[in-house]
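# Topology and contacts: notes
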Amino acid sequence: MPQITENGQDFDVVKYFLQLLDEDKDLSSGIAAIRTLLMILEKKQFGTIHILHTTMREAVAAMRNTDLSIAAIVSAGELFCRFITLSLDDKHMEECRQIMLNRGKIFLTKLLNSRQVIAQQAQRFITDGCRILTHSRSRVVLKALITASQNKKSFHVYVTQGGTGNSGEEMVKDLHAAGIDCTLILDSATGYVMESVDFVLVGAEAVVESGGVINRIGTYTMGLCAREMKKPFYVLAESFKFSRLYPLNQRDLPNEYKYSRKHLNDVSKVHPLVDYTPPVYITLLFTDLGRLTPSAVSDELIKLYM
């Protein structure tokens, strides 16, 4: 694990990153990665921009080596580094560091508000009496549903179990705590329930250049079923999850995105943790950049990485 040394003190990148996630269960891995990179900026002096880039790349590599989904870690790290290092020519390094710190804090503050922005974007689509299908647990979907309930809307949510683990059960528990009617269903019951819902609302671990999404395994199946039954399929995702990947199919996704690290040496006998839903199955994406059609994602990515 890389350690940043400054004034004789070590800063353990991975330990700090995991501690952030442990202390706040609602914190996404992407935001935790940005907060970790910001802490490195605060703790370490850099002789050159090149050294800074190298240090940041090493820190992102360390965080992606944890047994967490790496999609948001990679995209958030890339966007953060890109944003803070824009137009720093002809400036002293310490002056550059202070500019980058200020930019980093602005960037983080904006992203911390992104769930609320997205939740508001979705409100006109969550109508009184509607029936919604969602997949497993998504923090941003939960935020949108709670916001709608606080706006005195009454609706019912079907929540899939979401494969292994108890993420679907956690989502149902959170919805019940907010006073929202919901039902936990088997992943295999998606087709049975689809005919009775008004639309699908899911989160994403990454939004790729094509406008498709990487998300928990079963999302693609849900998209296929929704399209066949002519149900709108909406995705809620923060802009730090926009990734410069362009998969054409499931095999195009790198194995490190699909499998736990302990299984990477032999993936023949384990199931993937995520799948890729192509843009043709997605009706709209709700983001902190606005409501987007899948075809508009590539333009937004160009703006983010310019």
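The shown structure was predicted, so the numbers you read here are calculated from the model rather than taken from an experiment. Residue numbering note: each chain is counted from 1, following its sequence as written. Since the coordinates come from a predicted model, pLDDT governs what is reported: local features require at least 70, and pairs of side-chain atoms require 80 or more to be given and counted, while whole-chain, interface and lining totals use all residues. With hydrogens and water excluded, all non-hydrogen atoms of the structure serve as input to the side-chain values.

Comment: elements are numbered from the N terminus, with helices defined as DSSP H or I runs of at least four residues and strands as E runs of at least two. Multiplying 1.5 Å by the helix residue count minus one yields the expected span of that helix. In a regular helix each residue adds 1.5 Å, so 15 residues correspond to 21 Å; helix 2 (residues 29-43) covers 21 Å between its end C-alpha atoms and thus fits that length. Exposure classes here rest on a 1.4 Å probe applied to the protein chains alone. A residue is buried below 20% of its type maximum, exposed above 50%, and partly exposed in between. Burial of helix 2 is extensive: 12 of the 15 residues sit out of reach of the surface. Residues Ser 29, Gly 30, Ile 31, Ala 32, Ala 33, Ile 34, Thr 36, Leu 37, Leu 38, Met 39, Ile 40 and Leu 41 constitute the buried set of helix 2.

This part takes up the domain arrangement of the protein. Each domain's limits were defined by an automated method or a database of domain assignments. Under the domain assignment used here, the protein contains domain 1 (5-114) and domain 2 (118-305). Using only C-alpha atoms to locate each centre, domain 1 and domain 2 end up separated by 27 Å. It only takes one pair of heavy atoms within 4.5 Å for two residues to be counted as in contact. Listed as interface residues are 22 residues of domain 1 and, on the opposing side, 19 residues of domain 2. Once two parts are joined, some of their accessible surface, as seen by a 1.4 Å probe, is lost; buried area is that loss totalled over both. Buried surface at the junction of domain 1 and domain 2, both sides included, amounts to about 1,900 Å², of which 52% is carbon and sulfur. Three residues stand out in domain 1 for area buried against domain 2, namely Ala 71, Leu 79 and Ser 114, and they jointly supply 27% of the buried area on that side. What makes a salt bridge here is a side-chain nitrogen of Lys or Arg within 4 Å of a carboxyl oxygen of Asp or Glu, nothing more. Summed over the shared surface of domain 1 and domain 2, the result is three salt bridges. Among the salt bridges present, the one from Arg 244 reaches Glu 78, with a minimum N-O distance of 3.7 Å. Throughout this description, a polar contact denotes any pair of N or O atoms lying within 3.5 Å of each other; where both atoms belong to protein, one of them has to be capable of donating a hydrogen while the other can accept it, and for residues adjacent in sequence the pair is counted only when both atoms sit in side chains. Where domain 1 meets domain 2, there are 12 residue pairs in polar contact (both at pLDDT 80 or more). Residue composition of the side of domain 1 that touches domain 2, grouped by class: nine nonpolar, seven polar and six charged. Under the scheme applied, nonpolar residues are Ala, Val, Leu, Ile, Met, Phe, Trp, Tyr, Cys and Pro; charged residues are Asp, Glu, Lys and Arg; polar residues are all the others, including Gly.

A positive phi angle, close to 60 degrees, is found at Ser 136, a residue other than glycine. Overall, the relative accessible area of 1% leaves Ser 136 in the buried class. The phi dihedral of Lys 230 falls on the positive side, at around 60 degrees, and the residue is not glycine. Among the structural elements, Lys 230 can be located in the loop between helix 10 (219-228) and strand 9 (233-236).

Turning to the environment of Leu 145, a few remarks are in order. Structurally, Leu 145 is set in helix 7 (residues 139-150). What makes Leu 145 buried here is its relative accessible area of 0%. As a C-alpha pair, Leu 145 and Ile 126 span 19 residues in sequence and 8.0 Å in three-dimensional space. Ignoring anything within four residues of it in the chain, the contact list for Leu 145 reads Ile 126, Ile 132, Phe 155, Val 157, Met 171, Leu 175, Ile 180 and Leu 201.

Here, any two strands with at least 2 DSSP bridges between them count as paired. Across the sheet, which stays open at both edges, the three strands sit in the order 7-8-10 with antiparallel pairing between neighbours. If you trace the sheet from one side to the other, it starts and ends with strand 7 (206-207) and strand 10 (274-277), each paired once. When strand 7 meets strand 8 (residues 213-216), the two strands line up antiparallel, connected through two bridges. Bridge pairing links Ala 206 to Ile 214 in strand 8.

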